[in-house]
Amino acid sequence: MNSVVSEMFYYYEKYPPEILPKITVEPPGPKAREVIEKDHSLLMQSFVRWYPLVAKTGLGPVIEDVDGNLFIDMNAGIAVMGLGHNHPKVVEAIKRQSEKLLHYSLTDFYYEEAPQYLEELSRVIPIKGGRKFFLGNSGAEANEAALKIVRGVNEGRRPYIISFIGSFHGRTTGAMSLTASKPVHRKGFQPLLPAIIHVPYPYPYRCAFNVPPEDCGDAVIGFLEEWIFRRVVDPSEVAAVFAEPIQGEGGYVVPPDDFFPKLKSLLERNGILFVDDEVQAGMGRTGKWFAIEHWGVEPDLITMAKAVASGLPLGVVAGREDVMRLPPGSHASTFGGNPVALAAGRAVIEVMKEEKILDNASRVGEAILKRAREWMDTYDIVGDVRGKGLMIGVELVKNRSTKEYAKKELSEVLTKSYKRGIAVIGAGFSTIRIAPPLVISEELAMKAMDVIEGALKDVSHGL
Ligand code: PLP
């Protein structure tokens, strides 16, 4: 193992692969149950936990629960822990910065950590020419800011926004108005923002239009032109299209290769901005800094959060300088661009470059994809396998012809995997969401795939 590789697998010393996963107390153990009982009595249960995993500590792609069980983390804290849990260089940067300056709001003052971070981020952003940034704390907040930016730059002359069915952009009111992945997110909260139009996303396996999978992108573009721009709204009134380059929450859906280039060209012809929501797919997850780079398309705005600071809250909007021009006083965030989060963000970029993390994400991602594709030959329940880098979806169906969602089976696969030491969750209605930290080794990833396959096999056989 050369030094670069060994540095990437910094967790091997504490957690050598041969001991992983390790279940010593059937989860949830007694300590976990205690925490869960208190959690239920105190927290509004407005979220859904897939299974009762109570995390105590983590290192790299390993999570130790409060009862001492060791899990391989195949969800990376919902795609946040790109560099793995408690990466030593990120922790060191946080320690150093927290002794220097914890907070001094960018809304009213200046500090050097902001330009220092943004100079680094600028070097990896796929937008050419002059760029400007806005700093917030989360994905939803980044999308809220983007909404105001694209409407503001048009001074209200283009009130409409288009987003995609199946998309997830966050749960604050503006971001939720863009979101359309599950009715429960929106149920009971109307009225949401007006002038937002949802159109089908090119979901090749379940295309909303009656066309072969590879033509689904064209069908969506045609729908926009023929049915939306000709009959619903004049394109001159549309400020922007928001899209995830690969849908995350909606089911890890990869569009056909020609979709984004054609979408961008349609938008350019109509003066409509393209907002690329890279909150989940960005920061190396797909083996590129930003997933949209797979198709060589340049967004006007990019929103990001999750993995940018590998564990600390940081949301960013990056955009063309001529678009990023909300007037003074019109937008800000007290905690946005917190200096400790920015120090962590800088460490993330440094480590990703130094340790060639993108290469690892591509390489291990290919190995996982290959393995999951083999499952299609063995288990009828596996309907579709898709993904890029370490953003991989395995869609389960009750029947390959009807494609009925295998929702119960998904839940059983996830629960069995958890009981056997793998923390993996779902996306969409019946898709296994494989999104480990980008520093996972192939050896460890294959161990996790062995366990997931075991669960899949049992569920396929009705066990
Ligand atoms: N956009 C995408 C693509 C997401 O996946 C998410 C969260 O899952 C968000 C936005 C919202 O981010 P946050 O939960 O940080 O507000």
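Here the structure is a predicted model, which is why all the values come from computation and not from measurement. (Residues numbered from 1 in each chain as written. Predicted model: local features only at pLDDT ≥ 70, side-chain atom pairs only at ≥ 80, totals over all residues. Heavy atoms only, no water.)

Chemist: How should I be thinking about the domain arrangement of the chain in this particular structure?
Modeler: Size of an interface, as often reported, equals the accessible area lost when the parts are brought together. On domain assignment, one finds that the chain holds domain 1 (3-79 + 356-460) and domain 2 (92-354). Computed from C-alpha atoms alone, the centre-to-centre distance between domain 1 and domain 2 is 26 Å. With 33 residues of domain 1 at the interface, the matching set in domain 2 holds 32 residues. For the domain 1 and domain 2 pair, buried surface summed over both sides reaches about 2600 Å², with 56% attributable to carbon and sulfur atoms. Residue Arg433 is joined to Glu249 by a salt bridge in which the shortest nitrogen-to-oxygen separation is 3.1 Å. Run the count over domain 1 and domain 2 and you get 17 residue pairs in polar contact (both at pLDDT 80 or more). Looking at the side of domain 1 that touches domain 2, the elements with two or more residues in it are helix 3 (76-79), helix 12 (357-378), strand 11 (382-388), strand 12 (391-396) and strand 15 (431-434). (Domains from an automatic or database assignment. Contact = heavy atoms within 4.5 Å. Buried area = accessible area lost by both parts, 1.4 Å probe. Salt bridge = Lys/Arg side-chain N within 4 Å of Asp/Glu carboxyl O. Polar contact = N/O pair within 3.5 Å; in protein donor to acceptor, adjacent residues only side chain to side chain. Helix = DSSP H or I, 4+ residues; strand = E, 2+ residues; numbered from the N terminus.)

Chemist: Please clarify how helix 9 (residues 216-229) should be interpreted in this entry.
Modeler: A turn of α-helix holds 3.6 residues, and therefore any two residues three or four places apart point the same way. Compared with an ideal rise of 1.5 Å per residue, which puts 14 residues at 20 Å, helix 9 spans 18 Å between its outermost C-alpha atoms and is within 8% of the ideal. The largest bend in helix 9 is about 25°, located at Phe223. Considered for burial, the residues of helix 9 that qualify are Cys216, Gly217, Ala219, Val220, Ile221, Leu224, Ile228 and Phe229. (Expected span 1.5 Å × (residues − 1). Bend = angle between axes of the 7 residues up to and from the residue. Buried < 20%, exposed > 50% of the residue type's maximum accessible area, 1.4 Å probe, protein only.)

Chemist: Help me understand the nonpolar core in this model?
Modeler: Generally speaking, nonpolar side chains in soluble globular proteins are found buried as a group. One finds Leu121, Ile368, Leu396 and Ile432 to be the most contacted residues of the largest nonpolar core, which totals 88 residues. With 10 residues, the single largest contributor to this core is helix 14 (residues 442-460). Formed jointly, this core draws a minimum of three residues from each of two domains, domain 1 (3-79 + 356-460) and domain 2 (92-354). Not counting residues up to four positions away in its chain, the partners in contact with Leu396 are Ile381, Val382, Gly383, Glu404, Tyr405, Ala406, Glu409, Leu410, Val413, Ser430, Ile432 and Leu456. Ranked by size, the runner-up nonpolar core spans 36 residues in total, among them Val199, Val220, Leu224 and Tyr252. (Core = buried A, V, L, I, M, F, W, Y, C linked by side-chain atoms within 4.5 Å.)

Chemist: Explanation requested: the packing of helix 4 (residues 88-100) against helix 11 (residues 339-354) in the structure shown.
Modeler: Angle between the axes and distance between the axes: these two values describe a pair of packed helices. Running from N to C, helix 4 and helix 11 point in directions that differ by 150°, and their axes come no closer than 8 Å. One way to sum up the angle between helix 4 and helix 11 is to call them roughly antiparallel. Of the two elements, helix 4 crosses helix 11, and the hand of that crossing is right-handed. On helix 11, the residues touching Lys89, Val90, Ala93, Ile94, Gln97 and Ser98 of helix 4 are Pro339, Val340, Ala343, Ala344, Ala347, Val348, Val351 and Glu354. The class makeup of the residues in the contact of helix 4 with helix 11 is 10 nonpolar, two polar and two charged. (Axes fitted to C-alpha atoms, helices over the stretch in contact; angles between N-to-C directions. Parallel < 35°, antiparallel > 145°, perpendicular 65-115°, else oblique. Left-handed = near helix turned anticlockwise from the far one by under 90°. Nonpolar A, V, L, I, M, F, W, Y, C, P; charged D, E, K, R; others polar.)

Chemist: Looking at this structure, I do not really get the site of the ligand. What am I missing?
Modeler: Surveying the vicinity of the ligand reveals the residues Ser138, Gly139, Ala140, Asn143, Phe168, His169, Gly170, Glu244, Asp277, Val279, Gln280 and Lys306. Within the side chain of Gln280, a nitrogen or oxygen atom sits 2.9 Å from an oxygen atom of the ligand. Notes on the ligand: free accessible area 390 Å², of which the protein chains cover 80%. Here the shell around the ligand gets three residues from one element, more than from any other, and that element is helix 6 (residues 139-152). (Near = heavy atom within 4 Å. Areas by Shrake-Rupley, 256 points an atom, 1.4 Å probe, with all protein chains shown as cover.)

Chemist: Please clarify how the pattern of salt bridges should be interpreted in this entry.
Modeler: Pairing is possible between side chains that carry opposite charge, provided their charged atoms lie close to one another. Taken as a whole, this structure holds 32 salt bridges when the rule is applied. One salt bridge in this structure joins Lys89 and Glu7, with 2.6 Å as the shortest N-O distance. Of this pair, Lys89 sits in helix 4 while Glu7 sits in helix 1 (residues 3-8); the two residues are 82 residues apart in sequence, bridging distant segments of the chain. For Glu7, a relative accessible area of 36% translates into the label partly exposed. Here Glu412 and Lys408 are joined by a salt bridge, their closest N and O atoms 3.4 Å apart. Of this pair, Glu412 and Lys408 are both found in helix 13 (residues 407-419), four residues apart, which corresponds to roughly one turn of the helix. The exposure class of Glu412 is partly exposed, given its relative accessible area of 28%.

Chemist: In this structure, what is going on with the sheet that holds strand 10 (residues 315-320)? I would like to understand it.
Modeler: Strand pairing in a sheet relies on backbone hydrogen bonds. The paired strands run either parallel or antiparallel. In space, the seven strands of this open sheet follow the order 4-10-9-8-7-5-6, with mixed pairing throughout. Here the strands that pair on one side only, and so sit at the sheet edges, are strand 4 (131-136) and strand 6 (196-200). The average undirected angle you get between the axes of adjacent strands in this sheet is 20°. Alignment of strand 5 (residues 160-165) against strand 7 (residues 238-243), held across three bridges, turns out to be parallel. Bridged to Ile162 within strand 7 is Val241. Of the strands in this sheet, strand 4, strand 5, strand 6, strand 7, strand 8 (273-277), strand 9 (301-304) and strand 10 are in contact with helix 6, which crosses strand 9 at around 160°. (Pairing = 2+ DSSP bridges.)

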